[in-house]
Amino acid sequence: MLHLHNKTPRVLVVGDLMVDHYIWGKCTRISPEAPVQVVNVKEENNRLGGACNVGANLSALGAKVSMCGVIGYDEFGKWLIGELDRLNINVDYIIPTLSRPTTQKSRILIANQQVLRVDREESSDITQELQDEIYTALVHKIQDFDVVILSDYAKGLLTNSLTKRLIDLARSSGKPVLVDPKGSDYSKYKNATLLTPNKLEASLATQITICDDTSLKEAMEKLQNECNLKICLVTLSEEGIAILDQGKLIKSPTIAKEVYDVTGAGDTVIAALAFGLSSGLSIFEATDFANAAAAVVIGKIGSASASLSEIIEFLHNGTYSDSKLLSFGELQAILPSLRNKKIVFTNGCFDILHRGHISYLQKARDMGDLLIVGLNSDTSIRRLKGDTRPIIPQEDRAMILAALECVDFVVIFEEDTPLELVRLIAPAVLAKGADYKGKEVVGSKFAKEVVLIDFLEGRSSTNIIKHIQSQH
């Protein structure tokens with residue numbers, strides 16, 4: 001259970017700001033002028049790219065984002081500011097300048113396949129005057145943020161001097177610094193909390209050809225030592241993400257299902273890592289979260305972002321039973337994406353799971369497209385059944401239920417009844433045991449239908465407990 005729904009970390013993103021310009025068209029012939037495709041343009045649009053895409057991903061997750069960088073006095077710069085503002089991203093630290101254009105990358109796509117890219121940019125280092133202006137703007141504001149991301153696309157903003165100054169500023173203020181690096185010289189990133197190079201980038205930076213786990217570990221050890229990193233991490237494309245933990249190589253496997261476009265996947269990874277770490281996740285939990293976020297994004301076309309509800313749903317549809325465990329807030333976040341499904345809800349203590357429970361839950365699941373189970377917490381059960389119950393603690397009961405194929409989500413509730421859960425879900429079917437015949441079922445007014453299910457005779461947790469006690 002991620003418990004991320006109500007988290008709003010404050011994130012500063014410093015980096016190369018870009019506009020991704022997409023031209024969508026069809027091709028039915030080859031040009032008579034040259035052996036090239038003739039594209040009949042059907043649609044054009046702009047999307048946030050580079051460091052802006054990192055900010056967009058963070059905004060989609062619910063973070064409070066501030067962007068810092070340089071743009072030109074041009075139409076693309078105006079569009080970029082307007083789009084960031086639309087996403088409620090703070091643009092106070094973005095500096096317009098006459099000395100360079102807003103970086104723009106135009107991509108031409110035919111049948112969802114990119115066939116050409118045209119770049120308009122100035123990639124030389126920004127002036128010392130601009131570097132000083134950026135640093136001065138941030139030096140007294142660094143305490144306003146929980147984490148800092150440096151998104152380096154080698155377009156001239158993150159110079160050696162400015163990068164070092166920003167890392168020193170953040171670390172001296174106790175703020176973690178996550179860096180998406182570029183180039184082969186990582187010395188300017190020294191003392192960052194972590195870097196997110198891919199395998200090729202790590203090979204170039206360490207001069208170690210990564211061909212297996214042994215060489216990967218060697219390269220990561222070199223990176224960690226030379227850059228004095230708190231966490232050493234390398235992204236491995238289809239293999240997931242590798243972490244070096246106390247000298248041990250640990251891989252978090254990718255969980256992507258379909259890959260349409262890897263554009264911006266690295267932006268999504270660093271955004272999700274920053275969001276997760278600043279929200280209290282361990283590096284291993286944050287890495288799994290980032291893998292899921294990237295999997296959602298590469299299933300889309302172009303620079304894209306993943307919302308928290310999309311990530312939760314993606315994890316659920318994968319093979320992780322832990323992802324079936326939702327807090328009330330996480331359930332609230334994912335429900336809009338489930339409204340086209342016939343939802344069945346039931347609840348109970350499910351203390352010492354037995355054949356009767358399994359039969360009941362399978363019958364409930366057969367009534368709709370998915371089954372959500374409300375599980376009484378330990379304190380709730382003690383109020384209802386006395387201090388000797390439950391036998392099995394709530395975390396264990398929840399995981400056992402989540403391991404069942406017929407159960408789609410499990411939500412623990414603290415109240416004596418699941419009234420608030422039923423009100424939130426408004427299920428198509430509210431399932432209860434046949435012993436409720438002639439009784440009022442809590443929350444029935446919020447459900448389209450109440451269905452009573454027969455129990456298997458003689459199967460109950462109470463009978464099992466009594467039998468065990470009689471043997472002593």
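See the structure above.
As a starting point, this report considers the structure included with it. (Residues numbered from 1 in each chain as written. Predicted model: local features only at pLDDT ≥ 70, side-chain atom pairs only at ≥ 80, totals over all residues. Heavy atoms only, no water.)

Some details on the pairing of strand β4 (residues 64-72)
Among the nine residues that make up β4, eight are buried, leaving the element largely enclosed by the rest of the structure. Of the pairings in the sheet, the one linking strand β1 (residues 10-15) to β4 comprises five bridges and is parallel in character. What sits directly across from valine 14, in β4, is cysteine 68. Pairing between β4 and strand β5 (residues 90-97): six bridges, direction parallel. Bridge pairing links glycine 72 to threonine 97 in β5. (Buried < 20%, exposed > 50% of the residue type's maximum accessible area, 1.4 Å probe, protein only. Helix = DSSP H or I, 4+ residues; strand = E, 2+ residues; numbered from the N terminus. Pairing = 2+ DSSP bridges.)

Details of the nonpolar core
Membership of the largest hydrophobic core comes to 70 residues, with the highest contact counts inside it found for Leu58 and Leu331. Considering each element in turn, this core owes the most residues, 10 residues, to helix α8 (residues 283-297). With near-sequence residues (within four places) excluded, leucine 58 lies in contact with Val11, Val13, Ala63, Val65, Ile149, Ala271 and Phe275. (Core = buried A, V, L, I, M, F, W, Y, C linked by side-chain atoms within 4.5 Å. Contact = heavy atoms within 4.5 Å.)

Things to note about the sheet that holds strand β6 (residues 103-110)
Within the open sheet, the four strands sit side by side as β3-β2-β6-β7. Their pairing is mixed. Single-partner strands in this sheet number two, and they are β3 (37-50) and β7 (113-120). Sheet twist, expressed as the average angle between the axes of neighbouring strands with direction ignored, equals 20°. Each of β2 (17-30) and β3 touches helix α1 (residues 51-61); the most contacted strand, β3, lies at about 70° to it. Its contacts with the sheet put helix α2 (residues 75-86) on β2, β3 and β6, and the angle it makes with β3 is roughly 55°. (Axes fitted to C-alpha atoms, helices over the stretch in contact; angles between N-to-C directions.)

Quick look at α8
Note: α-helices contain 3.6 residues per turn, so residues at a spacing of three or four share the same orientation. For α8, spanning 15 residues, the distance from its first C-alpha to its last is 21 Å, which sits close to the expected 21 Å at 1.5 Å a residue. Summarising burial for α8: 12 of the 15 residues are buried, a large majority. Those residues of α8 lying buried are Ile283, Ala286, Thr287, Phe289, Ala290, Asn291, Ala292, Ala293, Ala294, Ala295, Val296 and Val297. (Expected span 1.5 Å × (residues − 1).)

Digging into the pattern of salt bridges
Applying the stated criterion across every chain, the model contains 17 salt bridges. Put simply, lysine 188 and aspartate 152 hold a salt bridge, and the shortest N to O gap is 2.9 Å. With lysine 188 in the loop between β9 (177-180) and β10 (194-195) and aspartate 152 in the loop between β8 (147-151) and α4 (160-172), this residue pair connects regions lying 36 residues apart in the sequence. Grouping residues by exposure puts lysine 188 and aspartate 152 together as buried. Ionic contacts of the salt-bridge type, sharing partners, join the residues Lys105, Arg117, Asp119, Glu121 and Lys155 into one network. (Salt bridge = Lys/Arg side-chain N within 4 Å of Asp/Glu carboxyl O.)

Topic: the packing of aromatic side chains
One pass over the structure, following the stated rule, counts four aromatic pairs. With 5.9 Å between their ring centres and 25° between their planes, tyrosine 22 and tryptophan 24 make a pair best called stacked. Comparing tyrosine 22 with tryptophan 24 shows no difference in burial state: the two are buried. Of note, lysine 182 hangs over the ring of tyrosine 153, and the distance from its end group to the ring centre comes to 4.8 Å. (Phe/Tyr/Trp six-rings, centres within 6.5 Å; stacked < 30°, edge-to-face > 60°. Lys NZ or Arg CZ within 6 Å of the ring centre and 35° of its normal.)

Here we look at helix α6 (residues 213-227)
Here α6 spans 21 Å end to end across 15 residues, near enough to the 21 Å set by a 1.5 Å rise per residue. Burial in α6 covers these residues: Ser215, Leu216, Ala219, Met220, Leu223 and Cys227. Take α6 and look down its axis: the buried residues cluster within an arc of 135°, on one side only. In α6, the exposed positions angled more than 90 degrees off the buried face are occupied by Thr214 and Asn225. Against β10, α5 (199-206), β11 (232-235), β12 (241-245) and β13 (248-252) lie the buried residues of α6. Sitting at the head of α6, aspartate 212 places a side-chain oxygen 3.2 Å from the backbone nitrogen of threonine 214. Positive backbone phi, approximately 55°, marks asparagine 228, located one or two places after α6. (Arc of directions from axis to C-beta. Polar contact = N/O pair within 3.5 Å; in protein donor to acceptor, adjacent residues only side chain to side chain.)

Looking at empty space enclosed by the protein
In total, this model carries one cavity of 30 Å³ or more according to the counting rule given. Along the wall of the largest cavity there are 14 residues; nearest its centre are Asp16, Val70, Arg100, Thr103 and Lys155. By residue class, the composition of the lining of the largest cavity is six nonpolar, four polar and four charged. (1 Å grid on protein atoms, 1.4 Å probe; cavity = no way out; pocket = protein on both sides within 12 Å on 5 of 7 lines; lining within 4 Å. Points joined across faces, edges and corners; volume = space filled by probe spheres on them. Nonpolar A, V, L, I, M, F, W, Y, C, P; charged D, E, K, R; others polar.)

A few points about the environment of valine 14
Mapped onto the elements, valine 14 comes out in strand β1. Residues valine 14 and cysteine 68, spaced 54 residues apart in sequence, show a C-alpha to C-alpha distance of 4.7 Å. Excluding residues that lie within four positions of it along the chain, valine 14 makes contacts with Cys68, Leu138, Ile149, Leu150, Ser151, Leu157, Leu158 and Leu166.

Some words on the side chain of serine 31
Here serine 31 shows up in the loop between β2 and β3. Taking the relative accessible area as the measure of exposure, serine 31 reaches 14% and is therefore buried. Polar contacts involving the side chain of serine 31 include one to the main-chain amide nitrogen of glutamate 33, which spans 3.0 Å. If near-sequence neighbours (up to four positions away) are discounted, serine 31 is found in contact with Val36 and Val38.

Considering unusual backbone geometry
In this model, arginine 389 is joined to proline 390 through a cis peptide bond whose omega is 5°. Take proline 390: it is sitting in the loop between α12 (378-385) and α13 (394-402). Positioned with a positive phi, phenylalanine 350 is a non-glycine residue whose angle comes to about 50°. Of note, phenylalanine 350 is situated in the loop between β15 (343-348) and α11 (355-365). Phenylalanine 350 gets classed as buried once you look at its relative accessible area, which sits at 7%.

Some points on the sheet that holds β15
Here we have six strands laid out as an open sheet, ordered β14-β17-β16-β15-β18-β19, and parallel in their pairing. The strands lining the two open edges of the sheet, one partner per strand, are β14 (325-326) and β19 (449-453). Relative to β19, strand β18 (residues 429-433) runs parallel, the two sharing five bridges. Bridged to alanine 431 within β19 is valine 451. Most of the contacts of α11 go to strand β16 (residues 370-376), to which it runs at about 135°, and overall it touches β15, β16, β18 and β19.

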